[in-house]
Amino acid sequence: MTLPPRTDTLERLAHYHPERIALESYADGRTWSYGELHRLACGLADHLRNSFGVQIGDRVAILARNTPFHVVLLCACQKAGWTMVPLNWRLSASELEYLARDADASLLIASDEFA
């Protein structure tokens with residue numbers, strides 16, 4: 001049996017403890033196991049790579065309120081070799097534009113609220 005690399009903590013936890021709770025939303029009480037979180041992160045990484053051409057070393061910006069999706073995106077970025085750039089939704093449009101351009105983000109993910 002081949003073990004996941006030591007650097008991919010989520011993959012190792014999903015391998016050894018797939019049913020343990022990894023993430024819980026205090027907003028609605030929903031939980032995600034390490035196995036679910038790993039599958040979601042891998043799926044998101046594949047989707048962003050295949051649909052938007054995000055490549056190793058790219059930066060992915062997110063403009064949204066804090067949600068469990070942030071954790072999924074962070075894990076997807078770690079798996080794919082990207083850097084996640086969280087943008088503060090409380091900033092003005094001009095400040096956000098400056099930060100996104102300065103970060104040289106290849107992709108900006110925004111929640112419906114901020115689209």
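Structure's up top.
Cut-offs and rules
Residues numbered from 1 in each chain as written. Predicted model: local features only at pLDDT ≥ 70, side-chain atom pairs only at ≥ 80, totals over all residues. Heavy atoms only, no water. Axes fitted to C-alpha atoms, helices over the stretch in contact; angles between N-to-C directions. Helix = DSSP H or I, 4+ residues; strand = E, 2+ residues; numbered from the N terminus. Parallel < 35°, antiparallel > 145°, perpendicular 65-115°, else oblique. Left-handed = near helix turned anticlockwise from the far one by under 90°. Contact = heavy atoms within 4.5 Å. Nonpolar A, V, L, I, M, F, W, Y, C, P; charged D, E, K, R; others polar. Buried < 20%, exposed > 50% of the residue type's maximum accessible area, 1.4 Å probe, protein only. Pairing = 2+ DSSP bridges. Core = buried A, V, L, I, M, F, W, Y, C linked by side-chain atoms within 4.5 Å. Salt bridge = Lys/Arg side-chain N within 4 Å of Asp/Glu carboxyl O.

A. Spatial organisation of the packing of helix 1 (residues 9-16) against helix 2 (residues 34-52). Helix 2 packs onto helix 1 with a crossing angle of 135° between their chain directions and a minimal axis gap of 8 Å. When the axes of helix 1 and helix 2 are compared, the pair comes out oblique. The hand of the helix 1/helix 2 crossing is left-handed. Between helix 1 and helix 2, the residues in contact are Leu 10, Glu 11, Leu 13 and Ala 14 and Tyr 34, Gly 35, Leu 37, His 38 and Ala 41, respectively. Taken together, the residues of the contact of helix 1 with helix 2 break down into six nonpolar, two polar and one charged.

B. Molecular detail of the pairing of strand 5 (residues 107-110). Of the two faces of strand 5, only one is covered, namely that formed by Leu 107 and Ile 109; the face formed by Leu 108 and Ala 110 stays uncovered. Alignment of strand 3 (residues 59-63) against strand 5, held across four bridges, turns out to be parallel. Residue Ala 61 lies in a different strand from strand 5, and its bridge partner there is Leu 108.

C. Examining the nonpolar core more closely. Counting 21 residues, the largest nonpolar core has Leu 48, Val 60, Leu 73 and Trp 82 as its most contacted members. At the level of elements, helix 2, strand 3, helix 3 (68-80) and strand 5 are the ones that each hand at least two residues to this core. Not counting the four nearest positions on each side in its chain, Leu 73 is found in contact with Leu 44, Leu 48, Val 60, Ile 62, Met 84 and Ile 109. Grouped together as the second largest cluster of nonpolar side chains are six residues, Leu 63, Leu 87, Leu 96 and Ala 103 included.

D. Molecular detail of the pattern of salt bridges. Counted by the stated rule, this structure contains five salt bridges. For Asp 8, the salt bridge is made with Lys 79, and the minimal N-O distance between the two is 2.5 Å. On the criterion of sequence distance, the pair formed by Asp 8 in the segment before helix 1 and Lys 79 in helix 3 is long-range, its members being 71 residues apart. Taking the relative accessible area as the measure of exposure, Lys 79 reaches 24% and is therefore partly exposed. Arg 65 is the salt-bridge partner of Glu 113, the closest N and O atoms lying 2.8 Å from each other. Pair noted here: Glu 113 is in the segment after strand 5 and Arg 65 is in the loop between strand 3 and helix 3, with a separation of 48 residues, a long-range link. Judged by its relative accessible area of 48%, Glu 113 is partly exposed. The network of salt bridges with common partners includes Asp 8, Glu 11 and Lys 79.

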